[in-house]
Amino acid sequence: MLKGDNTASLLSMRGITKEFAGVKALRGVDLDVVAGEVHCVLGQNGAGKSTLIKILAGAHQPSGGEIFWQGEQREIPNPVAAIDMGVATMYQELDVVDGLTIAENIFLGHELATGGVLHRARAARTTRQLLERLGHGNLSPHREVGTLSAANKQIVSMARALSHDAKLIIMDEPSAVLDAEEVKNLFRVVNELTSQGIAIIYISHRLEEIRQIGDRITVIKDGASMASGLSVADTPTPELIRLMTGRNVEFVFPPRRELPADAPVVLDIDGLSLRGIFADVSFDVRAGEVVGLAGLVGSGRSEILETVYGARRASSGHVSVDGKRLRPGAVDRAVTSGIGLSPEERKSQGLILDEPIFKNVTLSNFARYARGPLLNERRERAVTREQIEALELRPADPDRPAGTLSGGNQQKIMLARWLVHGTRVLLLDEPTRGVDVGARAEIYALIRRLADAGTAIVVVSSEIPEVLGLADRVLVIGDGRVLHSTPATEIDEHGVLDLVMKGTAA
Amino acid sequence: MSEQTPTTVSESAAPTQAAPPEKKSGNAMQRLLGGAAGRNLGLVIALALLIVVGAITAGDRFMNVENFLNIIRFASIIGVISIGMTFVITAGGIDLSVGSVMGLASVVASLSWVQAAADQTSWLLMVAVALAVGGAAGLVNGIVIAYGKVVPFMATLAMLVGARGLAELLSNKQTQIVSQQGFLEFFRGDFLGIAWLVWIFVIAAVIGWFLLGRTTFGRRTVAIGGNFEATRLAGIRVKRHLVALYVLVGVSAGIAAVMMLGRTTAGTSTHGTLYELDAIAAVVVGGTLLVGGRGTIVGTVLGVLIFSTLTNVFTQNNLSNSVQSVVKGVIIVVAVLLQQRFASRPGRSS
Ligand SMILES: Nc1ncnc2c1ncn2[C@@H]1O[C@H](COP(=O)(O)OP(=O)(O)OP(=O)(O)O)[C@@H](O)[C@H]1O
Ligand SMILES: [Mg+2]
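Here is what the cut-offs are and how they apply
- Residues numbered from 1 in each chain as written.
- Chains lettered and ligands numbered in written order.
- Predicted model: local features only at pLDDT ≥ 70, side-chain atom pairs only at ≥ 80, totals over all residues.
- Heavy atoms only, no water.
- UniProt positions renumbered as here; feature names shortened; annotations may be inferred.
- Helix = DSSP H or I, 4+ residues; strand = E, 2+ residues; numbered from the N terminus.
- Buried < 20%, exposed > 50% of the residue type's maximum accessible area, 1.4 Å probe, protein only.
- Contact = heavy atoms within 4.5 Å.
- Areas by Shrake-Rupley, 256 points an atom, 1.4 Å probe, with all protein chains shown as cover.
- Patch = residues over 30% accessible without salt bridge, like charges linked within 9 Å, V, L, I, M, F, W, Y side chains within 5 Å.
- Salt bridge = Lys/Arg side-chain N within 4 Å of Asp/Glu carboxyl O.
- Lys, Arg positive; Asp, Glu negative; His and termini not counted.
- Charge placed at Lys NZ, Arg CZ, Asp CG, Glu CD.
- Pairing = 2+ DSSP bridges.
- Axes fitted to C-alpha atoms, helices over the stretch in contact; angles between N-to-C directions.
- Near = heavy atom within 4 Å.
- Polar contact = N/O pair within 3.5 Å; in protein donor to acceptor, adjacent residues only side chain to side chain.
- Core = buried A, V, L, I, M, F, W, Y, C linked by side-chain atoms within 4.5 Å.
- Phe/Tyr/Trp six-rings, centres within 6.5 Å; stacked < 30°, edge-to-face > 60°.
- Parallel < 35°, antiparallel > 145°, perpendicular 65-115°, else oblique.
- Left-handed = near helix turned anticlockwise from the far one by under 90°.
- Nonpolar A, V, L, I, M, F, W, Y, C, P; charged D, E, K, R; others polar.

- In the nomenclature of an unreviewed UniProt entry, chain B corresponds to ABC transporter permease from the organism Agromyces humatus.
- Turning to chain B, the UniProt record has this under Subcellular location (unreviewed entry): "Cell membrane".

- As annotated in an unreviewed UniProt entry, chain A carries the name Sugar ABC transporter ATP-binding protein and is attributed to Agromyces humatus.

Written out as structure tokens, the structure reads:
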């Protein structure tokens, strides 16, 4: 299975433990990586995957255990040491600097310079080559990163990892923000790297990706390795799920219910445009209906949601909820009219990382629990506890700062926020991004339950099967236009991709 | 290849249950010291040390009730401004104009025709005028920042310069003596033997503490400082709230102006010069994060008291202002270093 014949151990982590003020994130993990392989690390949200790779990247110090690099025991006191050793990391939460250009981000910390004078032209040239290699030659090295979409930021982060002359590249959920096309690109690059003998540690919650790209698998559960070095080819998916969750998860989409013929239109979008981004988008969503927006990254799906929500001011067209027209560009009005948005970038747009879970959950409705101006934190904690139960959010402590939660659990906070708020219309941008298989099934079931209770739901997802499985009706978006609208049962993944390709070519 | 054969850990060898949130006593201590109580404890210890130094070097001149009341009276004006400042800094902003707005408010409230009008009605008119001037300046700051999208540093720097200039124009750079009898009498008086200046400070501190920690207004303030965009997307009217915050700090400068008029019995355009720096220093030393997202009124009060105790100890020992400034600078740096050391922000540990 291994590409190349160099099977000497590159990295060996033995009995790694890590304790954060009172939380045992890792209780003994082993990880062995050989040169030229794609080693997948699997585990549920909060299992400790990111913690493990942060230890390897020098971002965290282990509480115990040993690390061997090419047979030699090593300490990794800081990120610079890891990079010098030959480990480059793409972190799960985007870690690019918005105010800098693409080239500046890529060479941040290892600037091309002589005597302090930057070689800007050379940096730009190298950057262009890296971007081309990733299939994004169209991005200018001088573009400010803050203006990029989440997917393109991920590309920058990837280019940065490539810019280091690494023997091991860690990718923590790189595909979470990428669409099918981009993932193909990513895999092409991964294959190229492994054939040069570079090893990859690959983390993803999408098991079909592991099947496609992975060589071996290490499974972590509750901070301990359950299995290390499993061969991908010999391990069936249900077995993986059982190792990860300790139970058997039925991985199916919840059944749809026939929409009653008289279900009222709740959300009505009419000729909505945002100059330069999308134009003339019209559709409506009825009570109990789930509408999915499918399309490539950059097709304008997130922007459509944000404009409906009022986070961006539409240049023309309007949005109505229950027949009442909303003022464009006024989020607070949208929220009072009953719209909720779970944004794409939970870290920068969704959460207050230093604040406890419960304040994040009640961020949009804490005033409702208050007596006049007086906060009622006891009730806020109580409703948060209910959501923690319902969504199996971990750790189950309303006072834990949101920033210390694993990625998937942070996503659950966003859902919990709108569940406690109670909305007529729910706009979900990548609702299962970074969410593990078990929780994913729960979130699908939850979305369907909300719809059955009469909520109108719009879902954007880069995973086409998710849109098709979850939605009642699918809108295919390309180049900022609605290319096609159809019941989800009447189209398949190929159909969607065909439409997208045709639409964008036209 | 043989050492890479798959190894599957049996189900029983693995931890049987998900880790419950652990609360061990060792960590309770850690939590306490890392938390708000711990930070305040550090400030209390610093204050206690200063008092010990004062007692040793100045003896009975320092250690008497009268002197302690002096220290608090000395702290009260800066204290009120610092409480307002805590709010804007917690929300991720800053107000550099508080000192000159205070000067302007003191000038306007002591203009001869205002005093004359107060003679006809009540001395409270002077108070109302000072608060209105402070509030209006804050309103301008807030609108320019929230709706004009000017960074707070620049907007309030402009106000700092502008308000001082306006105060000079209105007063012809003359000191305006307060002759309004009701006003003078009130500030000569006391309540339970304690000067009104001190009471105003105490009341402002209690209201500020309550507002920041216990009300929806405070929650919004912290949220905006913690993540502006997330707060906006949660449906909170962030712009309106920003304006309210700058009005609040402006009004606190207005209150400070009234207190200054009461203490000095004169209004002048130079009142409050450099107070913005003292206030910011007290707020930051107190443990409020300069980047926003965390604020503490108790810390601010302790910060103000530390600085005024320091000044008192130095004066009692006849040390120069310059030495005092050097020590103040050192304290600010040390306090900020300690903050980073002991109160590292969650999510960014180790
Ligand atoms: N800085 C921190 N302080 C306290 N606890 C932390 C910190 N970082 C992580 N944890 C805890 O450690 C555990 C493991 O988190 P980690 O981020 O490694 O999970 P993960 O396997 O990467 O999950 P996901 O798939 O959701 O990304 C979680 O319980 C998390 O709450
Ligand atoms: Mg993770």
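From this point, things continue past the structure.
**Observations regarding the overall build of chain B**
Then step 1. A count of helices and strands for chain B gives 15 helices and five strands.
Then step 2. Within chain B, the proportion of its 350 residues that are buried is 48%.
Then step 3. Sequence-distant contacts in chain B: of pairs separated by 6 or more residues, those separated by 24 or more amount to 77%.
Then step 4. Here chain B has roughly 16200 Å² of accessible surface; of this, 68% comes from carbon and sulfur atoms.

**Quick look at the UniProt feature "transmembrane region" (unreviewed entry) in chain B**
Residue and element names in this part refer to chain B.
Then step 1. Under the UniProt annotation, the feature "transmembrane region" (unreviewed entry) is placed at residues 41-59, 71-90, 96-116, 123-147, 153-170, 191-212, 243-262 and 274-291.
Then step 2. Span residues 41-59 is 95% helix and 0% strand, its end C-alpha atoms 25 Å apart.
Then step 3. This span, residues 243-262, is 100% helix and 0% strand, and a straight line between its end C-alpha atoms measures 29 Å.

**Points about a negative patch on the surface**
Residue and element names in this part refer to chain A.
Then step 1. Side chains of Asp-268, Asp-270, Asp-280 and Asp-284 sit close together on the surface and give a patch of like negative charge.
Then step 2. For the negative patch, the secondary-structure elements that each account for two or more residues are strand E13 (265-274) and strand E14 (278-286).
Then step 3. Here Asp-270 lies in strand E13.

**Looking at the sheet that holds E14 of chain A**
All names here are of chain A.
Then step 1. Taken together, the four strands give an open sheet; going across it, the order is E14-E13-E16-E17, and neighbouring strands pair in antiparallel fashion. In this open sheet, the two strands that pair with only one neighbour each are E14 and strand E17 (324-325).
Then step 2. Note that E13 and strand E16 (residues 316-321) share five bridges and pair antiparallel. Directly across from Leu-267, in E16, lies its bridge partner Val-321.
Then step 3. Along the sheet, helix H9 (residues 301-309) contacts E13, E14 and E16; its crossing angle with E13, the most-contacted strand, is approximately 115°.

**Considerations on the site of ligand 1**
Then step 1. In the vicinity of ligand 1, 20 residues are found, and the nearest of them are Asn-45, Lys-49, Ser-50, Thr-51 and His-205 of chain A.
Then step 2. More than a single chain frames ligand 1: its nearby residues are located in chains A and B.
Then step 3. Here an oxygen atom of ligand 1 sits 2.8 Å away from a polar atom, N or O, in the main chain of Gly-48 of chain A.
Then step 4. Here an oxygen atom of ligand 1 sits 2.7 Å away from a polar atom, N or O, in the side chain of Lys-49 of chain A.
Then step 5. Relative to its free-state accessible area of 640 Å², ligand 1 is covered by the protein chains to the extent of 91%.

**Side note on the pairing of E14 of chain A**
Then step 1. Here six bridges tie E13 of chain A to E14 of chain A, and the two strands are oriented antiparallel to one another. If you follow Leu-272 of chain A over to E14 of chain A, its bridge partner there is Val-281 of chain A.

**Re the sheet that holds strand E15 (residues 290-295) of chain A**
All names here are of chain A.
Then step 1. Across the sheet, six strands lie side by side as E18-E19-E20-E15-E21-E22; this open sheet has mixed pairing. Looking along the sheet, the strands with just one partner apiece sit at the ends: strand E18 (339-342) and strand E22 (481-487). Adjacent strand axes in the sheet meet at a mean angle of 15°, parallel and antiparallel pairs treated alike.
Then step 2. In this structure, E15 lies alongside strand E21 (residues 473-478), joined through five bridges in parallel fashion.

**Details of the pairing of strand E6 (residues 87-90) of chain A**
Residues and elements named next belong to chain A.
Then step 1. Residues Val-87 and Thr-89 point to one face of E6 and Ala-88 and Met-90 to the other, with burial holding for every one of them.
Then step 2. With four bridges joining them, E6 and strand E9 (residues 168-172) adopt parallel strand pairing. Note that in E9 the partner of Ala-88 across the bridge is Ile-169.

**Thoughts on the side chain of Asn-227 of chain B**
Then step 1. If you trace the backbone, Asn-227 of chain B turns up in the loop between helix H10 (216-226) and helix H11 (228-233).
Then step 2. Among the polar contacts listed, one links the side chain of Asn-227 of chain B to the backbone nitrogen of Glu-229 of chain B, at a separation of 3.3 Å.
Then step 3. A polar atom in the side chain of Asn-227 of chain B sits 3.1 Å from the backbone nitrogen of Ala-230 of chain B.
Then step 4. Setting aside residues up to four positions removed in sequence, Asn-227 of chain B forms contacts with Lys-347, Ser-348, Gln-349, Leu-351 and Ile-352 of chain A.

**As for the nonpolar core**
Residues and elements named next belong to chain B.
Then step 1. In terms of nonpolar packing, the biggest core is built from 88 residues, with Met-85, Met-102 and Phe-183 touching the most fellow members.
Then step 2. The element best represented in this core is helix H12 (residues 238-264), accounting for 13 residues.
Then step 3. In contact with Met-102, other than residues within four places in its own chain, are Ile-77, Ile-81, Ala-253, Ala-256, Ala-257, Met-260, Gly-272 and Tyr-275.

**Examining a nonpolar patch on the surface**
Residues and elements named next belong to chain B.
Then step 1. A cluster of nonpolar residues, Val-140, Val-144, Val-150, Val-151, Phe-153, Met-154 and Leu-157, forms a patch on the protein surface that exposes about 550 Å² of accessible area.
Then step 2. Looking at the nonpolar patch, the elements that each hand over two or more residues are helix H6 (124-146) and helix H7 (152-171).
Then step 3. The biggest single contributor to the nonpolar patch is H7, with three residues.
Then step 4. One can find Leu-157 in helix H7.

**Overview of the side chain of Thr-215 of chain B**
Then step 1. Along the chain, Thr-215 of chain B turns up in the loop between helix H9 (196-214) and H10.
Then step 2. The class of Thr-215 of chain B is buried, set by a relative accessible area of 3%.
Then step 3. Apart from residues lying up to four places away in sequence, Thr-215 of chain B is in contact with Pro-373, Leu-374 and Leu-375 of chain A together with Phe-210 of chain B.

**Examining the packing of aromatic side chains**
By convention here, two paired aromatic rings are described through the distance between centres and the angle between planes.
Residue and element names in this part refer to chain A.
Then step 1. Enumeration over the complete set of coordinates arrives at twelve aromatic pairs over all chains.
Then step 2. Considering the side-chain rings of Phe-253 and Tyr-444, the 4.8 Å spacing of their centres and the 40° angle between planes classify their relative orientation as tilted. Of this pair, Phe-253 sits in the loop between helix H8 (237-245) and E13 while Tyr-444 is found in helix H16 (residues 437-452), placing the two residues 191 residues apart along the sequence.
Then step 3. Judged by its relative accessible area of 30%, Phe-253 falls in the partly exposed class.
Then step 4. Residue Tyr-444 is classed as buried on the basis of its relative accessible area of 3%.

**A closer look at the pattern of salt bridges**
All names here are of chain A.
Then step 1. Tallying each qualifying case throughout the model produces 27 salt bridges over all chains.
Then step 2. Measuring nitrogen to oxygen at the nearest pair gives 3.6 Å for the salt bridge that ties Arg-14 to Asp-30. Here Arg-14, found in strand E1 (residues 9-20), pairs with Asp-30, found in strand E2 (residues 23-34); they are 16 residues apart in sequence, far enough to count as distant.
Then step 3. Of the residues examined, Arg-14 reaches a relative accessible area of 31% and is grouped as partly exposed.
Then step 4. Of the charged contacts, one joins Arg-312 and Glu-306 as a salt bridge, the two residues approaching to 2.7 Å between their closest N and O atoms.

**Side note on unusual backbone geometry**
Then step 1. With omega at 0°, the peptide bond leading from Arg-394 of chain A into Pro-395 of chain A counts as cis.
Then step 2. Checked against the element boundaries, Pro-395 of chain A lands in the loop between helix H14 (377-391) and helix H15 (407-421).
Then step 3. Positive phi, normally seen in glycine, also occurs at Lys-149 of chain B, with a value near 55°.
Then step 4. With respect to the helices, strands and loops of the structure, Lys-149 of chain B is situated in the loop between H6 and H7.
Then step 5. Here Lys-149 of chain B falls in the exposed class, since its relative accessible area comes to 64%.

**What to know about the packing of helix H3 (residues 65-90) of chain B against helix H14 (residues 297-316) of chain B**
All names here are of chain B.
Then step 1. At their nearest, the axes of H3 and H14 sit 8 Å apart, and the two run at 140° to each other. Viewed along their axes, H3 and H14 adopt a mutual orientation that is oblique. Remark: the crossing between H3 and H14 carries right-handed chirality. Together, Asn-67, Ile-71, Ile-72, Phe-74, Ala-75, Ile-78, Gly-79, Ser-82, Ile-83, Thr-86 and Phe-87 of H3 and Ile-297, Thr-300, Val-304, Leu-305, Ser-308, Thr-309, Thr-311, Asn-312 and Gln-316 of H14 make up the contact between the two elements.
Then step 2. Among the residues making up the contact of H3 with H14, the classes are represented as ten nonpolar, ten polar and no charged.

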